[in-house]
Amino acid sequence: MKRTVLITGATSGIGLGCAKKFAANGDRLILTGRNERRLTEICEELKSQGCEVLPLVFDVRDRKAAAAAVESIPEEWQSIDVLINNAGLALGLEPEYEGDMDDWETMIDTNIKGLLTMTRLIVPGMVARDKGHIINIGSVAGDAAYAGGNVYCATKSAVKALTDGLRIDVANTALRVTNLKPGLVETNFSNVRFHGDTGRAKTLYTGIKPLTGDDIGDVALYAANAPAHVQIAEVLILATHQANGSVIVRNGK
Ligand code: NDP
Ligand code: 8X3
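Turning to the site of ligand 1, a few remarks are in order. Taken together, 29 residues surround ligand 1, and among them Thr11, Ser12, Arg34, Tyr152 and Thr187 come closest. Take glycine 9: an N or O atom from its main chain is 3.0 Å from an oxygen atom of ligand 1. Backbone polar atom of valine 185 to an oxygen atom of ligand 1: 2.9 Å apart, as the coordinates give it. Here ligand 1 loses 94% of its free accessible area of 880 Å² to cover by the protein chains. Judged by the fraction of its atoms near the pocket grid, ligand 1 is located in the largest pocket.

Okay, here's the thing in structure tokens:
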């Protein structure tokens, strides 16, 4: 039977990679994002490949809009089997004592509070059905801080704590909870981080073959397709020439 998979932030990068992989697996998708035009294009493309898709346009920082969007899901789509909490971003790479407070607020509101809002809205149904899988997109940045990462790293450490906490809270159910922690993935992430400075964003990926959104989609699908008794709790996924959040060897072989 087809699963219903809700992916937040599916208009780009890792969320889009997950959407493509779950669609190819025969699942049906609820895809979210703020960019309505892009979301519509992606849904049309997936539909043309035979995937059933439901788009929901809202900002995960807006609790009321998120609740209204979830409320609007037609009854036959409401039994969500997999929730991929992916929507998120980094803003800035300044030292902590020089960071932009508005950027901090946006990261905290999106990466932590947005993820919590979606968890609070979707997981009670999973618990009631005793069925479901929550896949949170954390980061290598949550393992240890790197230079200029400060607040972004803190939000991804929070994702780890919230994922571990949820796993404890549902250990008496059949639900599974996974933290996927990618390293360098070439997406729109660095353009967003550097406020549209594409030249600076590109330098992040020079001299190394980075991961792609599809690579992370593969791992998410693996975790979701594991037998029911197997819980992939946490996976760190790095490019071959990246060792951790701080060590990246450029122009390795
Ligand atoms: P992208 O910028 O390519 O994609 C980010 C996605 O998040 C977009 O679909 C965007 O959609 C959505 N999004 C951002 N803010 C909001 C919001 N307030 N409400 C709803 N949706 C939002 O970046 P990535 O794909 O790289 O990032 C996805 C996740 O992966 C993030 O959580 C990021 O922290 C994490 N990650 C990224 C890594 C990387 O190297 N790229 C490595 C490790 C983790 P829209 O603009 O339509 O709202
Ligand atoms: C994104 C990876 O190393 O740019 O979470 O923080 S990193």
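This part takes up helix H3 (residues 63-71). Of all the positions in H3, only Ala66, Ala69 and Val70 are classed as buried. In an axial view of H3, the angular spread of the buried residues amounts to 95 degrees, which keeps them on one side of the axis. Opposite its buried face, H3 presents the exposed residues Lys64 and Glu71, each directed more than 90 degrees away. Buried residues in H3 make contact with strand E3 (53-57) and helix H4 (101-129).

This part is about H4. Over its 29 residues, H4 extends 41 Å from the first C-alpha to the last, a length consistent with the 42 Å expected when each residue adds 1.5 Å. Along its length, H4 shows its largest kink, about 35 degrees, at lysine 113. Where H4 begins, the side chain of aspartate 100 points an oxygen toward the backbone nitrogen of aspartate 102, at a separation of 2.7 Å. Where H4 ends, the next residue or the one after it, aspartate 130, has phi of about 55 degrees, a positive value.

Soluble globular proteins tend to bury their nonpolar side chains together. Ile7, Phe22, Leu29, Leu31, Leu46, Ile84 and Ile135 are the most contacted members of the largest nonpolar core, which totals 33 residues. Looking at this core, the elements that each hand over two or more residues are strand E1 (4-7), helix H1 (13-24), strand E2 (28-33), helix H2 (36-48), strand E4 (82-85), strand E5 (133-137) and helix H8 (213-225). Here the element with the most residues in this core is H1; it accounts for 6 residues. Apart from the residues within four sequence positions on either side, isoleucine 7 is in contact with Gly15, Cys18, Ala19, Ile30, Leu31, Thr32 and Ile84.

Turning to the sheet that holds E2, a few remarks are in order. Taken in spatial order, the 7 strands make up an open sheet running E3-E2-E1-E4-E5-E6-E7, and their pairing is parallel. Bordering the open sheet on either side are E3 and strand E7 (234-237), each of which pairs with just one other strand. Looking at each pair of strands side by side, their axes are set apart by 15 degrees on average, direction ignored. When strand E6 (residues 176-182) meets E7, the two strands line up parallel, connected through 4 bridges. Within E7, the residue paired with leucine 180 across the bridge is valine 235. The strands touched by H4 within the sheet are E1, E4 and E5, with E4 carrying the most contacts at an inclination of about 175 degrees.

Under the defined criterion, the tally for this structure stands at 1 aromatic pair. Directly above the aromatic system of tryptophan 77 lies the positively charged group of arginine 28, at a separation of 4.3 Å from the ring centroid.

This part takes up a negative patch on the surface. Among the surface-exposed residues, Glu94, Glu98, Asp100, Asp102 and Glu105 lie close enough to one another that they form a single negatively charged patch. Within the element layout of this structure, glutamate 94 appears in the loop between E4 and H4.

This part takes up the pairing of E6. When a strand is regular, its side chains alternate between the sheet's two faces. Among the 7 residues in E6, 7 count as buried, and that is most of the element. Covered by surrounding structure in E6 are Arg176, Thr178, Leu180 and Pro182 together with Val177, Asn179 and Lys181, the residues of both alternating faces. Two elements, E5 and E6, share 5 bridges in a ladder whose sense is parallel. Its bridge partner being in E6, asparagine 136 is matched across the sheet by asparagine 179. In this fold, E5 hands off to helix H5 (residues 150-169), which returns the chain to E6; that crossover is right-handed.

Basis of the calculations
Residues numbered from 1 in each chain as written. Chains lettered and ligands numbered in written order. Predicted model: local features only at pLDDT ≥ 70, side-chain atom pairs only at ≥ 80, totals over all residues. Heavy atoms only, no water. Near = heavy atom within 4 Å. Polar contact = N/O pair within 3.5 Å; in protein donor to acceptor, adjacent residues only side chain to side chain. Areas by Shrake-Rupley, 256 points an atom, 1.4 Å probe, with all protein chains shown as cover. 1 Å grid on protein atoms, 1.4 Å probe; cavity = no way out; pocket = protein on both sides within 12 Å on 5 of 7 lines; lining within 4 Å. Sits in = over half its atoms within 2 Å of the grid points. Buried < 20%, exposed > 50% of the residue type's maximum accessible area, 1.4 Å probe, protein only. Helix = DSSP H or I, 4+ residues; strand = E, 2+ residues; numbered from the N terminus. Arc of directions from axis to C-beta. Contact = heavy atoms within 4.5 Å. Expected span 1.5 Å × (residues − 1). Bend = angle between axes of the 7 residues up to and from the residue. Core = buried A, V, L, I, M, F, W, Y, C linked by side-chain atoms within 4.5 Å. Pairing = 2+ DSSP bridges. Axes fitted to C-alpha atoms, helices over the stretch in contact; angles between N-to-C directions. Phe/Tyr/Trp six-rings, centres within 6.5 Å; stacked < 30°, edge-to-face > 60°. Lys NZ or Arg CZ within 6 Å of the ring centre and 35° of its normal. Patch = residues over 30% accessible without salt bridge, like charges linked within 9 Å, V, L, I, M, F, W, Y side chains within 5 Å. Salt bridge = Lys/Arg side-chain N within 4 Å of Asp/Glu carboxyl O. Lys, Arg positive; Asp, Glu negative; His and termini not counted. Charge placed at Lys NZ, Arg CZ, Asp CG, Glu CD. Right-handed = clockwise from strand over helix to strand, strands pointing away.

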